[in-house]
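Observations on the three-dimensional arrangement
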Amino acid sequence: MDAAPKTKHIYLQLLDFLKNNKSCVVATVTGTQGSTPQKPGSSAIYSKNGLLAGTVGGGAVELAIGEMALDSIRTQKSGYFRFDLDNDISETEAAICGGGMSILMDANPAGNLQILESMKEADDKRVQGVLVTVCSSCLPECAQIQRIWVTAENLKNISSQIPADVVFATTEMLTRRNPDDFREMVLAGVKEGDEKLVFLESVVPMPQLIIAGAGHVGKALSHLGKLLGFEVIVWDDRSEFANKTNLPEADKILCGQIDETLGNLHIDRDSFIVIVTRGHKNDADVLRKFIGSRAGYIGMIGSRKKIVQVRESFLKSGWATVSQWEQIYTPIGLEIGSKTVQEIAVSIAAQLIQVRNQLKNQ
């Protein structure tokens, strides 16, 4: 098995920077009004030398927040800031999106190192969670930041540490499993000015794109899958195809018998399985392994004649029910008149995007 460095969630990248003793701060977009360059939950990590990872907007917005980050590193003060992006177009150095943004600047991410370690452990096990951030003050340069990592497993124990409204929202987010779910809540204080801001951020492991077949289509799709934010896993029973030279962008490469390789993968709703092997028998063998699984997407390449034959074989042999077969995307890909290998890969990638976005809203 070959593996390449996996594209990581911003907080896992933060953990790596902190372990390498990099002094840094984290800026997070917590709210937007009108037209803005980034959505709530977008984060960036800054060191004294500038941007390390992520983004909060680009252009003039990124520049302004970068300057704030440098000041935050120098003063070691966190803060909660609001930006007005409704500037005149003649102000060439300013953003003119016509909206507004709220930014939380965490000057001491190392203070929540244990939380980041727990997030990494969950990601390794493909367990989703909600990062609860409690900001003790709504005033710039006065924020005290506390992070709490909540999963379905520890929710009961954590419930005593957070208010009931936050527990309810967190429970709902864990059920939805939407990586774009970011919420802001205001907790009333004993007296005016004692309010606390609470931000809830859904953290879901990257969706898996499992490609069975490392031929021309599988290779092209592994490239596109990486660009589209999937953890790309490619399997083939031929070592001359299943290797880093042929698949330089795959996160994981598997070679061998199906049961001993693909059979060991954890399959859930965030698993997208594409079957493009070298022959009908291999396609059918892989499909038998996963049909009826919890995968969010299973697609198989093939002519309409082949698909009819495979369907009849599966139903006659009892390998699948009619309902299970109807969940398979075959012929695979969106109908865009694809002819070349690259065009076929694009049509499949487009269908993956379509299904992934549909699942986010379920």
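First, a word on what this report is: a plain description of the structure on this page. Within each chain, residues carry numbers counting from 1 in the order of the written sequence. Predicted model: local features are reported for residues with pLDDT of at least 70 only, side-chain atom pairs are reported and counted for 80 or more only, and whole-chain, interface and lining totals are derived from all residues. By convention in this description, side-chain values take in all heavy atoms of the structure and omit both hydrogens and water.

For the rest of this paragraph, the subject is the pattern of salt bridges. For salt bridges, the criterion is a side-chain nitrogen of Lys or Arg within 4 Å of an Asp or Glu carboxyl oxygen. If you walk through the whole model with that rule in mind, you get 20 salt bridges. One salt bridge in this structure joins D236 and R238, with 2.8 Å as the shortest N-O distance. Considered together, D236 and R238 belong to a single accessibility category, that of buried residues. K306 is the salt-bridge partner of D283, the closest N and O atoms lying 2.4 Å from each other. Only protein chains enter the accessibility calculation, which uses a 1.4 Å probe; a residue whose area is less than 20% of its type maximum is buried, one above 50% is exposed, and one in between is partly exposed.

What follows deals with the packing of helix α1 (residues 10-19) against helix α3 (residues 113-124). In contact at an axis separation of 9 Å, α1 and α3 are set at 125 degrees when each is read in the N-to-C sense. As summarised for this structure, α1 and α3 are arranged oblique, according to the angle between their axes. α1 and α3 meet at a crossing whose hand is left-handed. Where α1 abuts α3, its residues Y11, L12, L14, L15, L18 and K19 lie against L113, L116, E117, M119, K120 and D123. We call Asp, Glu, Lys and Arg charged. Ala, Val, Leu, Ile, Met, Phe, Trp, Tyr, Cys and Pro are nonpolar, and the rest, Gly among them, are polar. Residues belonging to the contact of α1 with α3 are distributed by class as follows: 8 nonpolar, no polar and 4 charged. Fitted lines through C-alpha atoms serve as axes, helices being fitted only where they are in contact, and the angles separating the N-to-C directions of these axes extend from 0 to 180 degrees. Starting at the N terminus, helices and strands are each numbered in turn, a helix being any DSSP run of H or I of at least four residues and a strand any DSSP run of E of at least two. Note that the term roughly parallel is reserved for angles under 35 degrees, roughly antiparallel for angles over 145, roughly perpendicular for angles of 65 to 115, and oblique for everything else. Crossing handedness follows the turn of the near helix against the far one: under a right angle anticlockwise gives a left-handed crossing, and clockwise gives a right-handed one. Any two residues whose heavy atoms approach within 4.5 Å at even a single point are treated as in contact.

With that settled, consider α1. The buried count for α1 comes to 7 of 10 residues, which makes it a mostly enclosed element. Positive backbone phi, at 60 degrees, marks N21, one or two positions downstream of α1.

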